[in-house]
Amino acid sequence: MHQVCEALEFTFVCPLANGFHARPASNMAAVANRFVADCSLMNLRSGSVANGKSVLSLIAADIRKGDECQFRVSGMDDKEACAALRRFVEHDLPACDEPLTEIATDRCSGMLPRALKLAGVNCYFGLSLSRGIGQGKVLVAGDLVAPRESSTETAAESWREQEQVDGAIAAVRARIEAMLLMRVSTTESAVLKAHLAMLGDITLKEKLSELIAQGLPADRAVEEAGQFFSECLRQSESLYIRERALDIQDLCLQLAEEINGTQFRPAALELSEPSVVVADILTPQQLLGFERRWLTALVLESAAATSHTIILASSLDIPTLVAVKDASLILLSGQEVIVDANRGLVVAELTPPVRRFYARELNTLRRRLSALERHSLGPAITADGRRLEVAANVSSAEELIPAFERGADAIGLFRTEFLYVGRETAPSEEEQVAVYLRAARHAAGRSVIIRTFDIGGDKPAPYLKLPRETNPFLGYRGVRIYPEHQDLIRTQLRSILRASAYGRLQMLIPMVSSIEEVLSFKQWVAEVQDELKGQQIDFDAAMPIGIMIEVPSVAFILAELCAEVDFFSIGTNDLCQYFLAMDRDNARVAKLSSVGHPGFVRFLKQIVDRVHEAGKWVGMCGEMAGDIRQLPLLVGLGLDEISVTASRIPALKQKITRLSATACEQFLSRTIDCRQVEQPDNVLERSQPTEAELPLLDLELVILNDESESKEEVIRQIIDALYVAGRTEDRELLEDAVHAREATYSTGVGYGFAIPHCKTSAVSCDSIGILKLRRPVEWDSLDGQPVQVVILMALRESATAANKHMQVFARLARKLMDKEFRDQLLVAQDANTVLTHVARELGLQVETSA
Amino acid sequence: MRIVAVTACPTGIAHTYMAAEQLEKTARALGHDIKVETQGAMGIENELSDSDIRQAQVAIFAVDIEVEKRERFHDVKIIQVPVQEAIKNPVGIFQKVQG
């Protein structure tokens, strides 16, 4: 009989400009792992062979653009595997290289402030994992990596060394699994699961065996393997891979500790003055060992965003940078440095201008924070008096405290998946009650919407034995799996109900697409309530039940649903991708999948109107809700609530107070009338008309007796005032625009006056800032005289010829030719006088303070 | 003297108007009759009509960019200076006009 399994083969040329980095590798490994057959990939250029099922191995094969590669598949289901891999290579691989849609953050243009550029000092860039600015003397913490001497001892017989490695892997695995079983936050469990996956990676095991076979002792083998893979991962510039590189180092360190039975931890360092601690790796215990008041910043070579050290640093508000290239070589012990983790850099040369810049910067940040807090702690009410609740999305009870600190009015989405995934058994009732009770306690009377578990084929919960699906988003997940797993959902309902006696809890059902699902759910709730009554356990009998609007069909049975549920929460991420039939994880269509699609906006409007007609409540908890650019649309929709990542709350609340609900409604109508799918940016930026305008002039934009010493400092100072007032979010972009104008010719108009100005997308409303200097500064003026009074005007990009503010500025320009106007400004001693004088002359209304 | 003038600067937000103001003020002080058209970011304002131009003995262009609708001025003597000159030394410009 023909016994030999012929391997199936095919070749292809790597089409990826950046080579085979983590994303294509993990996508390919995911395909290969669906099959039993062995899949190996040979790089025909270098001859290196990779296991197609191992991400590490695929990356390590160093496949570059243009490399010819050969796939060999052999085993039981080789035909199917080969076909699937072929399909992947032909259809999906080319798209793997497209840049991921940027996760929306509060990021600015990433430009350096002009002061730093002009200072001519070197800035060393890293990745910021905990924001803030810290100044202090460098203290290099001891090396954590296994000392070299330990590895000079010769290896025992290789099987003994192999046994040691296997034992260490098992021990580390057991430890991580034990940690996963404890209550940990989502971020923590994510990193732990990644570690487990890496420990199980077949190529790591092979590499270790190979090194041991070469005669290395176990600890050296672990170290070498760690270095080998982290180097491979580090090749790429992608943040994702860099993080994995740190992970594998972390992991190998743990293995080495296990093998040697020691902690590679130097004696604790004593801090006695403001200190920036520079280290390769820092353990959580080490971090906690420092005296907090002297620890101003951390610069770490190796730490993942999800590492415990970083989680701690961030919760302690310690500015932290990682991956600063050669940090320990550049930053010398005893040297004073500034770590600017807002911009992701370290400045090691503290020249006087640098010091001045940061002294001012810290002051600005303090003022900005207190200004934002004034807005965020109260309710967010539009200029014309409509309230929009701003709630937070969280994934663990611990996240409630910072969310409320940032001004969350409630918790609009408490995800519970973290309780279920990445473990071998389902969470017990007691475990869950404890979590929900903590949430209720932290909420202190504010409402918490708990979403029952939304698990499907894409989330690892082995005890559910969910089949792997080719299209989990359209598959067996959310409420759909509840009938089969009634024990699980009943336990969760019992737990939530029990906790409901101690706070304002509400329940939210995920992935509803029909009325039957709601009816069964309510039936279970009723049964569990009866049980509890029978056992005389307290619960909130009137606890509201709501559903997620994620599946488009729901929008067409709202009348029926309104009769059955108390509230609705629109999950825009899924709703949009189902509605437009565009997978948001598919880079090729993701850019087309826009919540600004007029069809989608009309759809949302219909939903909100229907729900309100029935007198029910509707919120939104998807990404769209947190996008400040979309806010006018959301206000225009008339939502009752938006629920967002906590860090977005202050800025959103501030913006709400500036919007007029009526103007937003008009804006919404205009968007709905759009014929074409436009990038929401275009629509929003062209006609962002809905701000209840802040006054052009304002007391907080008047600065007297300023100590600035140069034109640059003056301009920055006024821009900082605009930032504190919430009129710009990108000071560097604004600064650049002002200086670009300045470069055509000086705005120093003579008589000691300068009027820098620009039109830019960096400001959210037209603004005039006025600054009077204590000592005149050079401005390269028309009459060669230094400048004493500076009036800066920034107009929005969208300002048109008809803009009345441009006319005001033209008027101001003319006024400056009037000696009397200038003299009055020069002699004015307080901000109110300056403001009223300018406003009167320009025919503007302003509010002054007593 | 009857004078018409056009002011225009690259951004058209500030200098255009300062120059216009200076020319108007100085002309009044020197006893001239002047009408100044501004060509700024808000477009042409205080536009000079053909009859304004016909009646003028001289046209002052205080501009750093091309004058729009320049063909209107084909029959009149033109004195062109940079915008900044009009702001800094308007009197000097009128001396040139008379000279």
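Summary of the structure given here. Note that the structure is a prediction, hence the values are computed from the model and not measured. What you see as residue numbers is a count from 1 along each chain, following the sequence as written. Each chain is given a letter, starting from A, and each ligand a number, starting from 1, according to the order in which they appear as written. Under the rules for a predicted model, residues below a pLDDT of 70 receive no local features and side-chain atom pairs below 80 are neither given nor counted, while totals for whole chains, interfaces and linings still include all residues.

### Focus: the overall build of chain B
Okay, step 1: Within chain B, the regular secondary structure consists of 4 helices and 5 strands.
Okay, step 2: Counting helices and strands in the order they occur from the N terminus, chain B gives β-α-β-β-α-β-β-α-α.
Okay, step 3: Comment: burial labels come from other C-beta atoms within 10 Å of the residue's own C-beta, placed from the backbone, where a count of 20 or more is buried, 12 or fewer is exposed, and between is partly exposed. Taken over 99 residues, chain B has a buried fraction of 41%.
Okay, step 4: Any residue pair is listed as a contact if its two C-beta atoms, each placed from the backbone, are within 7 Å. The contacts in chain B between residues at least 6 apart in sequence include a share of 59% that link residues at least 24 apart. Runs of E in the DSSP output that reach at least two residues are strands. Runs of H or I that reach at least four are helices, and both are numbered from the N terminus.

### Re the overall build of chain A
Okay, step 1: Secondary structure summary: chain A contains 31 helices and 26 strands in total.
Okay, step 2: Expressed as a percentage of the 850 residues in chain A, the buried residues total 46%.
Okay, step 3: Sequence separation of 24 or more characterises 71% of the internal contacts of chain A that already satisfy a separation of 6 or more.

### Concerning helix 4 (residues 90–98) of chain B
Residues and elements named next belong to chain B.
Okay, step 1: Taken residue by residue, helix 4 has P90, I93 and F94 as its buried positions. The buried side chains of helix 4 occupy one side of the element, clustering within an arc of 95° when seen end-on. Every exposed residue of helix 4 that faces more than 90 degrees away from the buried side is listed here: V91 and Q95.
Okay, step 2: Looking at the buried positions of helix 4, the neighbouring elements they touch are helix 1 (15–30), strand 4 (58–63), strand 5 (77–81) and helix 3 (83–88). Each C-beta atom gives one direction from the helix axis, and the arc is the one those directions make.

### Let's talk about the sheet that holds strand 4 of chain B
Residues and elements named next belong to chain B.
Okay, step 1: Two strands are said to pair when DSSP picks up at least two bridges between them. Sheet architecture is open: 5 strands sit in the order 3-2-1-4-5, paired in mixed fashion. Each of the sheet's edge strands pairs with one partner strand only, and the pair in question is strand 3 (43–45) and strand 5. Taking the axes of each pair of neighbouring strands and ignoring which way they run, one obtains an average angle of 20° across the sheet.
Okay, step 2: Note that strand 1 (residues 2–8) and strand 2 (residues 33–40) share 6 bridges and pair parallel. Bridge assignment links I3 to a residue of strand 2, and that residue is I34.
Okay, step 3: Packing of helix 1 onto the sheet brings it into contact with strand 1, strand 2 and strand 4, and relative to strand 2 it is tilted by some 180°. All axes here are fitted lines through C-alpha atoms, helices being fitted over the stretch that makes contact, and every angle between N-to-C directions spans 0 to 180 degrees.

### Some details on the sheet that holds strand 4 (residues 68–74) of chain A
All names here are of chain A.
Okay, step 1: Strand order in this open sheet of 4 strands is 1-4-2-3, and the pairing throughout is antiparallel. A single partner strand is all that each edge strand has here, and the edge strands are strand 1 (8–13) and strand 3 (49–51). Within this sheet the neighbouring strands show an average axis-to-axis angle of 25°, counted without direction.
Okay, step 2: Note that strand 1 and strand 4 share 6 bridges and pair antiparallel. Paired with F12 across the strands is C69, a residue of strand 4.

### A look at the pairing of strand 8 (residues 275–279) of chain A
Residues and elements named next belong to chain A.
Okay, step 1: Counting buried positions over the 5 residues of strand 8 gives 5, a clear majority of the element.
Okay, step 2: As defined by bridge partners, strand 7 (residues 133–140) adjoins strand 8 across 4 bridges and the pair is classed as parallel. Paired with V138 across the strands is V276, a residue of strand 8.
Okay, step 3: As paired elements, strand 8 and strand 9 (residues 295–300) share 5 bridges and run parallel to each other. Residue pairing in the sheet places S275 in a bridge with L295 of strand 9.

### Quick look at the nonpolar core
Okay, step 1: For this analysis, nonpolar core means a set of buried Ala, Val, Leu, Ile, Met, Phe, Trp, Tyr and Cys residues linked through C-beta atoms within 7 Å. Ranked by internal contacts, the top residues of the largest apolar core, which has 94 residues, are A:A408, A:I411 and A:I547.
Okay, step 2: Setting aside residues up to four positions removed in sequence, A:I547 forms contacts with A:L508, A:I509, A:V512, A:V518, A:L561, A:V565 and A:F568.
Okay, step 3: Ranked by size, the runner-up nonpolar core spans 81 residues in total, among them A:V787, A:A828, B:A5 and B:V36.

### Regarding the interface of chain B and chain A
Okay, step 1: If you look at the interface, chain B gives 16 residues, while chain A gives 19 residues.
Okay, step 2: Those elements that provide at least two residues to the side of chain B that touches chain A are helix 1 and helix 3 of chain B.
Okay, step 3: When residues of the side of chain B that touches chain A are assigned to their parent elements, the largest contribution, 5 residues, is made by helix 1 of chain B.
Okay, step 4: When residues are sorted by character, Ala, Val, Leu, Ile, Met, Phe, Trp, Tyr, Cys and Pro go into the nonpolar class, Asp, Glu, Lys and Arg into the charged class, and all the rest, Gly among them, into the polar class. For the side of chain B that touches chain A, the class distribution of residues is 8 nonpolar, 5 polar and 3 charged.

### A word on unusual backbone geometry
Okay, step 1: You will see that A:A444, though not glycine, has its phi angle at about 45°, which is positive.
Okay, step 2: Considering the arrangement of structural elements, one finds A:A444 in the loop between helix 15 (429–443) and strand 15 (448–451).
Okay, step 3: Overall, the presence of 10 C-beta atoms within 10 Å leaves A:A444 in the exposed class.
Okay, step 4: Of note in this structure, B:N46 is not a glycine but carries a positive phi near 55°.
Okay, step 5: When you line up the elements, B:N46 lands in the loop between strand 3 and helix 2 (50–55).

Such coordinate-based values are descriptive only and should not be taken to indicate function.
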